[in-house]
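Okay, here's what each chain looks like letter by letter:
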Amino acid sequence: MTAQQPLGTPFTAASTAADVLDGLDLTGRETVVTGGHGRLGREVTRALAAAGATVTVAARDPRRAAAAVDGIEGVRVEQLDLTDPASVDAFARRRLASGRPLHTLVNNAAVLFSPDPLRDARGHELQFSTSHLGHFRLTRALLPALLATPGARVVTVTSGAARLGEIRWDDPDFTSGYDPGAAYCQAKLANVLFTVELDRRYADQDVRAFAAHPGVVVGPGPFTPEEAAGYRAQGLVDDEGRTVIDPEAGKKTIEQGAATLVLGAASPLLNGHGGVYLKDSDIAELDDEVRPLTADSIPSDASTAMLDPAAARRLWTLSEQLDA
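Given the structure is predicted, the values throughout are model-derived calculations rather than measurements.

### Quick look at the overall build of the protein chain
- From N to C terminus, the protein chain includes ten helices and eight strands.
- For the protein chain, the C-alpha radius of gyration of 18 Å lies close to 20 Å, the compact-globule estimate for 324 residues.
- With the principal axes as the frame, the protein chain shows a C-alpha extent of 50 × 45 × 45 Å.
- Burial status across the protein chain gives 54% buried among its 324 residues.
- Surface accessibility of the protein chain: about 13900 Å² in total, with carbon and sulfur atoms responsible for 51%.
- Once the 31 positive and 43 negative side-chain charges of the protein chain are each reduced to a mean point, those two points are 5 Å apart.

Written as structure tokens, this is what we have:
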């Protein structure tokens, strides 16, 4: 837990991805961003490419992804369905066969939670399958490229909701008692625990792992009446339907949300660090106080439970079993 201490970076909650990468030359750096064509993922792709990196966007629908990133130089698009082990393995084989280095893997793709349980072809709950199990398989499949690239990083996008998460060790797929919020929080907690164990296993081989919380990014709309009502109740949209931007309260623009992700992906300020949870373009504070989630307060600092090494090892073993 001693690693989970802010560095005091020059950035703030309001900093953007462009601010974090200002002055950095990423020419020659190869990055893979899952879901790197939509919202936060697209901004991560755009910002890294603008700094000189070559970015591979891994997407379930390559045609749609290519249209979304059209005009961004230094970007290629490849097919990847994180819920399909064969697709994950095929992507990894192509990448390894290319012989290209892999400086950073950004595990960004996710699915929005559904009021009804959704499952992949193997029967796994879809949020857990996409956000965690798919990235777990992808990261391990790409390890040869990461291990062969000095200073490689794996950044997994999580959420402050991990503070509220619990791993359902005996039923992670919610075969009974499905609750969409609990499923979301479980997937986000799994992202952090995966980061902790990944870093423990490979830090001495110069592969470091980070979990990154972008903040709450819902804008800019337009929203359906149902969406607007829900966001208004959460303090994320005002009475006129405009997105509330308050970075200090965790309510951010896409550009601000992407800042913490690119810090993890490329900032030299994190050299020598790993196995930690990031927010507001820094290593987050450790805070074990019970803090309620309200429209005015979105607790999102790190907690001891999120970083528990024993739970992280247990989840790795469970993930191997589920992904077999």
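### With respect to unusual backbone geometry
- Within the chain, Asp206 stands out as a residue other than glycine whose phi angle is a positive 70 degrees.
- Within the element layout of this structure, Asp206 appears in the loop between helix 7 (180-202) and strand 6 (207-213).
- When its relative accessible area of 38% is taken as the criterion, Asp206 is described as partly exposed.
- Phi is positive for Ser281, close to 55 degrees, though the residue is something other than glycine.
- Residue placement: Ser281 occurs in the loop between strand 7 (276-279) and strand 8 (282-283).
- Of the residues examined, Ser281 reaches a relative accessible area of 1% and is grouped as buried.

### Comments concerning the nonpolar core
- If you look at the biggest cluster of nonpolar residues, it comprises 37 residues, and the most contacted ones within it are Leu21, Leu26, Val44, Leu48, Val55, Val262 and Leu278.
- Within the residue set of this core, elements represented by two or more residues are helix 1 (17-21), helix 2 (39-50), strand 2 (54-59), strand 5 (152-157), strand 6, helix 9 (254-266) and strand 7.
- Among the elements that take part in this core, helix 9 stands out by supplying eight residues, more than any other.
- For Leu21, the contacting residues outside a window of four places in its chain are Leu26, Ala47, Leu48, Ala51, Val262 and Ala266.

### Quick word on the packing of helix 5 (residues 126-141) against helix 7
- One way to put it is that helix 5 packs onto helix 7 with a least axis distance of 8 Å and a crossing angle of 20 degrees. Considered as vectors, helix 5 and helix 7 are oriented roughly parallel to each other. For helix 5 against helix 7, the interelement crossing comes out left-handed. Of the residues in helix 7, those touching helix 5 at Gln127, Phe128, Ser131, His132, His135, Phe136 and Thr139 are Pro180, Ala183, Tyr184, Gln186, Ala187, Lys188, Ala190, Asn191, Phe194 and Leu198.
- Here the residues of the contact of helix 5 with helix 7 are counted per class, giving nine nonpolar, seven polar and one charged.

### Regarding the pattern of salt bridges
- Evaluated as defined, the whole model comprises 19 salt bridges.
- A salt bridge links Arg46 to Glu43, with the nearest nitrogen and oxygen atoms 2.9 Å apart. Of this pair, Arg46 and Glu43 are both found in helix 2, three residues apart, which corresponds to roughly one turn of the helix.
- In this structure, Asp171 and Arg168 form a salt bridge, with 2.9 Å as the shortest nitrogen-oxygen distance.
- Exposure remark for Asp171: the relative accessible area of 14% places this residue in the buried category.

### What about the pairing of strand 1 (residues 30-34)?
- Burial analysis of strand 1 places five of its five residues in the buried class, which makes it a mostly covered element.
- Of the two faces of strand 1, both are covered, the one formed by Glu30, Val32 and Thr34 as well as the one formed by Thr31 and Val33.
- Of the strand pairs in this sheet, strand 1 and strand 2 are connected by five bridges, and their pairing is parallel. If you follow Thr34 over to strand 2, its bridge partner there is Ala58.
- With helix 2 bridging strand 1 and the parallel strand 2, this β-α-β connection has right-handed handedness.
- Relative to strand 4 (residues 104-107), strand 1 runs parallel, the two sharing three bridges. Note on strand 4: the bridge partner recorded for Val33 is Val106.

### Side note on the sheet that holds strand 8
- Read across the open sheet, the eight strands follow the order 3-2-1-4-5-6-7-8; overall the sheet is mixed. Each of the sheet's edge strands pairs with one partner strand only, and the pair in question is strand 3 (75-79) and strand 8.
- Contacting strand 1, strand 2 and strand 3, helix 4 (residues 85-98) runs over the sheet at an angle of about 140 degrees to strand 3.
- Contacting strand 4, strand 5, strand 6 and strand 7, helix 7 runs over the sheet at an angle of about 160 degrees to strand 6.

Criteria and thresholds
- For every chain, the first residue of the written sequence is number 1, and numbering continues from 1 onward in sequence order.
- Local features in this predicted model are restricted to residues of pLDDT 70 or higher, and side-chain atom pairs are both shown and tallied only at a pLDDT of 80 or more, whereas totals for entire chains, interfaces and linings draw on every residue.
- Side-chain metrics rest on all non-hydrogen atoms present in the structure, leaving aside hydrogens and water.
- The helix and strand labels rest on DSSP assignments: H or I over at least four residues marks a helix, E over at least two residues marks a strand, and numbering proceeds from the N terminus.
- The globule rule is 2.2 Å times the number of residues to the power 0.38, and the radius of gyration it is compared with is taken over C-alpha atoms.
- Burial status follows relative accessibility: with a 1.4 Å probe on protein chains alone, a residue under 20% of its type maximum counts as buried, one over 50% as exposed, and anything between as partly exposed.
- To be clear on the numbers: accessible area is Shrake-Rupley with a 1.4 Å probe, and residue cover counts the displayed protein chains and nothing else.
- We treat Lys and Arg as the positive residues and Asp and Glu as the negative residues; His and chain ends play no part in the count.
- Taken as the charge centre is NZ of Lys, CZ of Arg, CG of Asp or CD of Glu, depending on the residue.
- Put simply, a nonpolar core is a bunch of buried Ala, Val, Leu, Ile, Met, Phe, Trp, Tyr and Cys residues held in one set by side-chain atoms that sit within 4.5 Å of each other.
- The contact criterion used is simple: two residues touch if any of their non-hydrogen atoms lie within 4.5 Å.
- Where helices are involved, their axes are fitted lines through C-alpha atoms of the stretch in contact, as for all axes, and angles between N-to-C directions lie from 0 to 180°.
- Throughout, the term roughly parallel applies to angles under 35 degrees, roughly antiparallel to angles over 145, roughly perpendicular to angles from 65 to 115, and oblique to all others.
- The hand of a helix crossing depends on one turn: near helix anticlockwise from the far one by less than a right angle means left-handed, and clockwise means right-handed.
- Following the grouping adopted for this structure description, the nonpolar residues are Ala, Val, Leu, Ile, Met, Phe, Trp, Tyr, Cys and Pro, the charged ones are Asp, Glu, Lys and Arg, and the polar ones are all others, Gly among them.
- When a carboxyl oxygen of Asp or Glu lies within 4 Å of a side-chain nitrogen of Lys or Arg, that pair is called a salt bridge.
- For two strands to pair, DSSP has to find at least two bridges joining them.
- The path from the first strand over the helix to the second decides the hand: if it runs clockwise while the strands point away from the viewer, the crossover is right-handed.

Any link to function would need more than the numbers given here.
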